[in-house]
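Fold and contact review
In case you want the letters, here they are:
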Amino acid sequence: MEQAPPGSARYDEVVAPDGALRPAWKALASSAMGLDRAELQRISGDIARFLSDDGVLYSRPGQAPAGWRLDPIPLVVSAREWSVLEVGLAQRAEVLNAVLVDLYGPQRLLATRVIPPEVVYAHSGFLRALRGTNTDRHPLVTSATDITRTASGDWQVLADRTGAPSGIGYAMENRRVISRVMPGLYREAGLHRVAPFFRALRSALIAAAPMDSANPRVVLLSPGPQSETAYDQAFIASSLGFPLVQGGDLVVKDGLVWMRVFGELERVDVIVRRVDAAWSDPLELRGDSQLGVTGLAEAVRRGTVRVVNGLGAGVVENLGLAPFLARACEVLLDEPLRLPSVRSYWLGDRDEYERVRPRIEDLAVRSIDRSVALDGLAAEEMLSRIDTAPHRFVAQERPHYPQAPALTADGVRPEPVLIRAFTVRHGSAYRPLLGGLGSVVEPGPAPRSKDVWVLKASPDEPDQRLVEVLPMTNVRAPSAMVPRVLDDMFWFGRYAERAEDTLRLLIAAHGLAQDFSLRPWSTGGRTLRVLADKLHDLSLSPVGPDDFDDDFRSLLLDASRPGSVAQSISSLRNAAQAVRDQLSPDVWRVFGALDRAAAALADSPLSHQINDSAGRMLTAISALHGVSDSMMRDDGWRMIVIGRAVERCQQVVCLLEGTVTVRRGLDVDRDILTTTLGVAESAVTHRRRYRGYVRPAGVVELLLFDRDNPRSVAFNIDRMAEVLSLLPASTGSTRPERLLGDLRTEIDSLDPAGLVAIEGERRPHLDQALRTLRGLLTRFADAVGEVHVASVPTPRSFDLGVPTGEGRL
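Scope of this entry: the structure provided in the associated data block. (Residues numbered from 1 in each chain as written. Predicted model: local features only at pLDDT ≥ 70, side-chain atom pairs only at ≥ 80, totals over all residues. Heavy atoms only, no water.)

A closer look at the sheet that holds strand E15 (residues 364–367)
Here we have 3 strands laid out as an open sheet, ordered E14-E16-E15, and antiparallel in their pairing. The sheet is open, and its two edges are formed by strand E14 (344–346) and E15, each paired on a single side. Averaged over all neighbouring strand pairs, the angle between strand axes comes to 25 degrees, with direction disregarded. (Pairing = 2+ DSSP bridges. Helix = DSSP H or I, 4+ residues; strand = E, 2+ residues; numbered from the N terminus. Axes fitted to C-alpha atoms, helices over the stretch in contact; angles between N-to-C directions.)

Considerations on the packing of helix H26 (residues 735–749) against helix H28 (residues 764–789)
Put simply, H26 and H28 touch, their axes get as near as 8 Å, and they point 160 degrees apart. Relative to H28, H26 is oriented roughly antiparallel. Handedness of the crossing formed by H26 with H28: left-handed. Contacts between H26 and H28 pair Arg-735, Pro-736, Leu-739, Leu-740, Asp-742, Leu-743, Glu-746 and Ile-747 from the former with Thr-772, Leu-773, Leu-776, Leu-777, Arg-779, Phe-780, Ala-783, Val-784, Glu-786, Val-787 and His-788 from the latter. Here the contact of H26 with H28 is composed, by residue class, of 12 nonpolar, 2 polar and 5 charged. (Parallel < 35°, antiparallel > 145°, perpendicular 65-115°, else oblique. Left-handed = near helix turned anticlockwise from the far one by under 90°. Contact = heavy atoms within 4.5 Å. Nonpolar A, V, L, I, M, F, W, Y, C, P; charged D, E, K, R; others polar.)

Considerations on the sheet that holds strand E7 (residues 218–221)
Spatial strand order, E8-E7-E12-E13: 4 strands in an open sheet with parallel pairing. With partners counted over all chains shown, the strands left at the sheet margins are strand E8 (244–245) and strand E13 (306–308), one partner each. The pairing of strand E12 (residues 270–273) with E13 spans 3 bridges and is parallel. Bridge pairing links Val-270 to Arg-306 in E13.

Comments concerning the pairing of strand E16 (residues 393–396)
By the alternation rule, side chains of E16 split into Phe-393 and Ala-395 and Val-394 and Gln-396, which are all buried. Judged from the 3 bridges that link them, E14 and E16 form a sheet pairing that is antiparallel. The partner of Ser-344 across the bridge, within E16, is Gln-396. With 4 bridges connecting them, E15 and E16 associate as antiparallel partners. Residue pairing in the sheet places Ala-364 in a bridge with Gln-396 of E16. (Buried < 20%, exposed > 50% of the residue type's maximum accessible area, 1.4 Å probe, protein only.)

Overview of helix H12 (residues 325–333)
Among the residues of H12, those classed as buried are Leu-325, Ala-328, Cys-329 and Leu-333. Taken end-on, H12 shows its buried residues confined to a sector of 105 degrees, consistent with a single buried face. Next to the buried residues of H12 lie helix H4 (79–103) and helix H5 (108–111). Once H12 ends, the next one or two residues include Asp-334, with phi positive near 60 degrees. (Arc of directions from axis to C-beta.)

Thoughts on the pairing of E12
Residues Val-270 and Val-272 line one face of E12 and the alternating positions Ile-271 and Arg-273 line the opposite face, and both faces are buried. Judged from the 4 bridges that link them, E7 and E12 form a sheet pairing that is parallel. Bridge pairing in E12 places Val-219 opposite Ile-271.

Thoughts on the nonpolar core
One finds Ile-115, Leu-250, Ile-271, Ile-642, Leu-704 and Phe-780 to be the most contacted residues of the largest nonpolar core, which totals 159 residues. Beyond its immediate chain neighbours, meaning those up to four positions away, Leu-250 contacts Val-219, Leu-221, Val-245, Val-257, Trp-258, Met-259, Arg-260, Val-268, Ile-271 and Val-293. One finds Ala-66, Phe-197, Ala-209 and Leu-244 within the second-largest nonpolar core, a separate group that totals 59 residues. (Core = buried A, V, L, I, M, F, W, Y, C linked by side-chain atoms within 4.5 Å.)

Geometry only, nothing functional implied.
Printed below as a string of structure tokens:
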């Protein structure tokens with residue numbers, strides 16, 4: 001992000017030129033007196049923990065996701081100062097909407113060169129395919145505006161975000177966290193709460209539906225969990241109660257947009273778009289897109305679906321419009337522009353270009369669609385690049401960012417800041433959020449954000465000045481779950497169970513390694529070797545004996561190692577990210593606990609930390625099972641149950657193979673059987689039932705056949721049969737149901753006493769039975785995927801290319 005000119009003055013958000021506190025901070029001075037450096041450091045630690053527990057991530061384009069950062073000191077604005085900005089934001093949204101309507105309609109602004117046609121036609125956000133077809137008078141429903149100040153404190157616009165404006169979910173998360181870590185200051189500040197704005201946003205999106213929709217279905221179209229702002233998208237969908245979908249979840253049929261639900265299609269009335277417009281329809285727009293919905297543009301033309309913001313709305317993000325927006329406002333609204341942009345020069349104007357050419361290095365130069373930035377280049381090279389197509393470039397004066405206090409490693413220091421403001425068309429007018437998303441202007445993998453507090457003019461002023469926002473309908477929305485979500489839920493259950501079972505095995509092996517790693521010939525040493533071999537079967541790489549601790553650390557921390565705990569947790573997190581809107585916030589607290597346990601192990605070379613971190617991870621995963629057990633009993637929950645149960649069956653079968661199937665001597669067998677019961681969390685039941693006498697038949701009976709033991713294969717087969725029959729695609733004769741019947745028949749046909757019969761050093765009947773069960777379980781899991789989650793063909797592009805999503809901060 002470009003910096004202010006060297007030596008330039010900045011507007012101070014806290015202290016006036018005469019040294020006095022500004023009005024906004026005067027009101028908070030007494031409450032903020034206790035916020036010394038030590039207290040702010042404590043609060044900052046709490047903030048980091050809360051954000052980690054909520055799983056808040058962000059990534060700049062081309063970078064790996066990083067944890068969201070929030071400065072503990074809010075950016076405070078008085079009611080009087082914000083009122084000026086509020087009027088300007090509302091008017092700006094109105095004029096941008098009017099410009100959009102004109103550019104895709106009569107194009108009077110282009111015909112009269114109020115806006116040069118080259119500025120519009122050279123911008124990648126202008127979609128020619130939609131020219132002259134859109135009758136929507138309000139294509140701009142939501143907008144975001146990046147705000148800065150001049151040195152004298154006047155508000156200026158740095159950029160408009162209209163294509164798929166992002167960030168409001170992060171702003172809401174910031175407010176939620178700050179209210180928890182500084183509850184006293186938050187209560188006493190007299191600021192506007194943001195919840196009413198969210199209700200207004202929901203009302204506006206429902207109201208955007210075509211007129212013939214009695215009970216509108218609104219969905220949020222996402223590029224997927226790998227999007228830079230995936231958290232923001234999931235937060236909005238979850239908070240507003242709208243399904244979070246991807247392009248493959250929707251289909252256009254008979255000019256209408258439908259959401260794929262098992263056995264039927266459900267009509268979609270409003271699509272809140274977080275996919276860049278050009279990628280939204282591979283039929284008419286970018287043929288190489290796998291993110292969009294084929295035929296969406298035609299459905300928009302027919303007026304059967306409303307896209308928010310409208311396809312092509314990104315054209316008014318155009319940096320080249322800035323020099324012409326004031327005149328456009330006078331022409332379209334017959335009033336002066338109240339909130340100007342940072343001084344900008346469109347270099348397609350030859351006279352303008354010649355005027356700024358001598359000082360081009362002092363300006364921020366970029367392409368009109370922000371795809372190319374020339375900052376940092378030498379003047380000759382910069383001019384050479386511009387000269388190839390001057391109409392594609394804009395030069396901006398470097399903004400004088402205001403400064404506000406922020407916590408740094410050296411204490412509280414003034415830092416340059418930026419505000420992203422948000423506006424929604426609610427009713428017949430644009431309503432800006434009284435608040436926003438602040439950020440410290442600095443490079444880094446994730447911005448250091450700030451909560452923006454707008455103080456009330458009087459204590460009795462309604463929050464957001466919205467007395468009441470009524471729901472647009474009191475009709476219950478139809479519940480629906482697309483096949484993609486069920487697939488992720490299925491694997492969510494599998495990876496959670498896989499991580500838990502591997503952790504139990506690792507903890508048992510580590511305990512033995514502490515005592516017997518240097519005595520491999522002993523009973524405990526031979527038992528350790530058996531468990532190490534089982535870990536090898538899971539991780540596909542040798543475990544020990546050279547250094548068991550290094551291998552255990554790798555299994556806990558190395559996500560690239562197949563079968564490791566770390567890989568299972570990473571895959572579990574990816575599955576959860578894809579269905580974030582379906583899951584409780586408690587899920588992300590579990591991931592926060594897992595991350596802290598892993599960090600503690602990475603920071604400590606001590607052997608006992610392996611057991612401690614593994615134990616903490618196991619506690620967290622167990623808590624995750626508790627969270628999923630509290631879910632609504634819908635199809636998503638059923639898929640979690642099936643995934644968890646089939647994985648548990650496979651893990652039990654794998655555990656019994658190689659432990660109980662081989663005879664190694666009385667003492668070693670007793671240790672192995674006892675350890676096997678512990679790993680399968682059945683030791684207490686076995687002791688109570690058999691009074692401490694451990695024998696193979698008792699272990700096999702408890703882990704394979706006992707229908708009262710939640711860890712047994714028979715119990716989990718019954719559990720799967722119970723929930724499988726309730727899935728929409730189940731008919732009583734589907735392949736998964738038939739295979740489950742085969743599993744039940746196989747279990748019922750086995751004789752526990754005959755299975756443990758010895759021939760030489762092996763138990764061949766048990767060996768064969770376990771192989772048969774493993775094969776049936778694998779075929780059953782595959783069949784579940786084929787019947788219950790694979791009803792949507794994999795999207796294929798009409799061209800070649802790398803898709804990208806919109807919504808960058």
